[in-house]
Amino acid sequence: MSTTTTSDDEETAPTTVPGGDPADAGIRKPRYKRRKVAIFFAYCGVGYQGMQKNPGAKTIEGDLEEALFRAGAVPEQDRGCPKRYDWARSARTDKGVSAVGQVISGRFYIDPPGLVERLNSELPSQFRIFGHKRVTASFNAKKFCDRRRYVYLIPVFALDESSHRDRESVMASLGSGSELVKCLGCSERGRKVIGAVGNKRDLLLKEGNRPELPAEDVLLKGGNTDIESEMKEETVCLDDGDAVASQSDILLDGRGETSEKDTEVPVQDVMLTGGNAKMESEIIEKASVCVDNGNSGYDNVSSEVVEKEADAIAVIDVDETVANANEFCYGEEERERFNRILGYYVGSHNFHNFTTRITADDPSARRYIVSFTANTVVTVDGMDFVKCEVVGQSFMLHQIRKMMGLAVAIMRNAAPESLIKTALQKMVRLTVPTAPEVGLYLDECFFTSYNQKWKDTHEEVSMKEYEEEAEDFKMKHIYPHIASMEHKEGVVGLWLHSLNHRNYPDLCYSEKGDAKEGAAEVKNGDPTEVAKEERATDVKNADTTEVSKEEGTADVSKAK
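Within an unreviewed UniProt entry, the label attached to the protein chain reads Pseudouridine synthase I TruA alpha/beta domain-containing protein, and the organism entered is Linum trigynum. Taken from UniProt, the Sequence similarities (unreviewed entry) comment for the protein chain reads in full: "Belongs to the tRNA pseudouridine synthase TruA family." One UniProt comment on the protein chain, placed under Subcellular location (unreviewed entry), says "Nucleus".

Undergrad: Explain the UniProt feature "active site" (unreviewed entry) in the protein chain to me, please; I cannot follow it from the model alone.
TA: With numbering aligned to this structure, UniProt lists the feature "active site" (unreviewed entry) at Asp94. One can find aspartate 94 in the loop between β2 (88–89) and β3 (98–109). Judged by relative accessible area, which is 16%, aspartate 94 ranks as buried. The contact partners of aspartate 94, leaving out residues within four places of it in the chain, are Gly50, Leu397, His398 and Arg401.

Undergrad: For this particular structure, what's the right way to read the packing of helix α7 (residues 332–343) against helix α8 (residues 399–411)?
TA: In a packed pair of helices, the relevant descriptors are the angle between the two axes and the axis-to-axis distance. Here α7 crosses α8 at 135 degrees, and the two axes come no closer than 10 Å. Taken together, the axes of α7 and α8 lie oblique to each other. When you trace α7 past α8, the crossing you get is right-handed. The segment α7 lies against α8, with Glu334, Arg337, Phe338, Ile341 and Leu342 engaging Met404, Ala407, Ile410 and Met411.

Undergrad: Is there a simple way to explain the pairing of strand β5 (residues 147–155) in this structure?
TA: Within a regular strand, side chains alternate between the sheet's two faces. Across the nine residues of β5, eight count as buried, placing the element largely inside the fold. The pairing of β5 with strand β13 (residues 440–446) spans six bridges and is classified as antiparallel. Bridge pairing in β13 links valine 151 to tyrosine 441. Of the strand pairs in this sheet, β5 and strand β12 (residues 383–392) are connected by eight bridges, and their pairing is antiparallel. By the bridge assignment for β12, arginine 148 is matched with glycine 392.

Basis of the calculations
- Per chain, residues are indexed from 1 in the order of the written sequence.
- Residues qualify for local features only when their pLDDT is at least 70, as the model is predicted, and side-chain atom pairs are given and counted only at 80 or more; totals for whole chains, interfaces and linings, by contrast, use all residues.
- Note that water and hydrogens are dropped before the side-chain values are worked out from all heavy atoms of the structure.
- UniProt positions are given in the numbering used here, feature names are shortened, and annotations may be inferred rather than shown by experiment.
- The way it works is that DSSP assigns letters per residue, a run of H or I at least four long becomes a helix, a run of E at least two long becomes a strand, and they are numbered from the N terminus.
- Whether a residue is buried, partly exposed or exposed follows from its accessible area with a 1.4 Å probe, protein chains only, as a fraction of its type maximum: under 20%, in between, or over 50%, in that order.
- The contact definition used throughout considers only heavy atoms, calling two residues in contact when any of these lie within 4.5 Å.
- Working convention: axes come from line fits to C-alpha atoms, limited for helices to the stretch in contact. Angles between N-to-C directions cover 0 to 180 degrees.
- The scheme is simple: roughly parallel for angles under 35 degrees, roughly antiparallel for over 145, roughly perpendicular for 65 to 115, oblique for anything else.
- Left-handed describes a crossing whose near helix is turned anticlockwise from the far helix through less than a right angle; right-handed describes the clockwise counterpart.
- Strand pairing is assigned whenever DSSP detects at least two bridges linking the two strands.

Given below as C-alpha cells:
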C-alpha cells in the first residue's frame, strides 16, 4: 500500500546513487520538513521600485524570492509561486524607501542549519537577513501585525522658512525693504550647482575658497542683471592709449564661465555673489584698471580700489558672523511647535487627501495613528536631521510622505496649522506636498496580540534579539545614504523650492473666501472661524428681533 505525503513532509524522494552499487539503492537523502517561520531582515531601498513584486521591475520581493530558492528554502516546483508557501509581508514600502525591521512569513525549509548565512551570501550587500523564528501554522505577517513604526529623517534646515526659498518669493521681496536672498545651493531650474551648498546670505568668496578661474573672470551668482549690465558698460583703459577694450568682451554666463574673448584682456579678479547689490555697485564703479603692456601677470590695481575691496570683505565678514549667530537650530521652541503640528495626525481620521487613487468614501481611507513625534536630532556626515517617528496600525501609499510634506510646509509658514484639520475632513479634496522618499524607512513591526496569546508555546516575534545588528546596518547603509543624497544631489533642498502657492494652491485653502463659504464647503473644516462668524450672525439677528418687537409694541400703543 502506497502512502502519500504533503508538501510539509516531503522534500526529496528516495533515490539511488547514480552509478552506485544496487545494494546502496536503499540509501536515502536527508528528509526535511517545511516549517512556518517569520524571517527578519533589513534593506536599503536605493535602486529598487518598492517592496511588492512587480513584473518587469526590480523589487525587494523579487530578489528575496530568488535568494530563498537558491538557498534551498523553496523547492523547484514552487519557484516563482509565493502563494504555494504562504508568503506574506508585514509592510509594503514604496520606491526608494528602506527598512530595518521588515518581516515576512511562509513555509520554508530551514534545514540544514545555516539558512541565514546562505541567504546573506545570495543577496547583495544592501540586504541583511537577521534571523528567523518558528511561528504558528496560521501566522500571517500582514494580518498579525498590530502596528508599524516608520522613521523620517528631515534635515534641520528644511524647517527654516528662510532656507531654500522659492524663486517667486525672492522676486516678490525685491524692493520691499526685507529682501530675501536667492539660494546658492540650487539653480532656478532645479539643477544642483556644484560646489555651492547652503542657504546662508550670499557672501564674498574669500581668497582660499576661489576656484581656479582666469584672473579676469567675474563671477556673478546673484542673478542681478542690473549689475551685469553695468559691468558690460565699463571700459578698461590701456596705458599705451592705442586701444580701448569694451567690458562687454568679457562674456558672463550664469555659471561664472567666460568665453575665449576675455583671454587677451586681464581684469582684476572680483568675485561677487549678489548678496549686497549696493556694495557690489560701489566696487564695480571703481573697477577701471590701467594695464601696463609689459605686465603679463595680474593687473596693477589702484590703492583706492584695494581699500574698497578690503572694506567690503570686512563688512561681509561681520555679516557672516551675525548670520552664524542667528543660524536656525532645532531648539525647544521649534521642537514644541513641530510636535504640536504632528500631533494633529494622531487618532482615527480620513486620510484620503494623503494618498492616491482612494476616495473619501472608501473605508480603507480611514486610518489610526498611535503617535507622531519629533524629539531627537541625529548628526550624519556633518548634517543635522530631525528624527520623526510615526506609529500607526497601517499606512497607505505615500501617506507618511504627504503627512511630512504638509507638516514641513506649515513649519515654514507656507500654510496655516488649521490646514491639517481641513485636509482630514471627508468632504474636502486637497492636494498636499509629498516629501522625498529618501529620508523614510520602516523601523519596526509589532506583533503584540500574537505574542501575548502564544507566549507560553512559541517564541516572541520581535526585533529584540537583533537590535544591535539592526542598528549597525542602519548606521552603515541607511543613514549614510540619506546624508549622501542630500550632500550630492540636494534632494530635500530642491523639493523645498516647490513649496509655494503656485505649485500647491491648496496650501492657502483656508484663506479662500469668507467664513460662510468655508463652512458650507468644508462643513466644520475650520471650527474656530466658522463659529465666530456664526455667533456674530446670531447676535445680529437676535438684536434685530428685539428691535422689531419693541417697534411693534410702540405701534400698537399708538394705535390704541
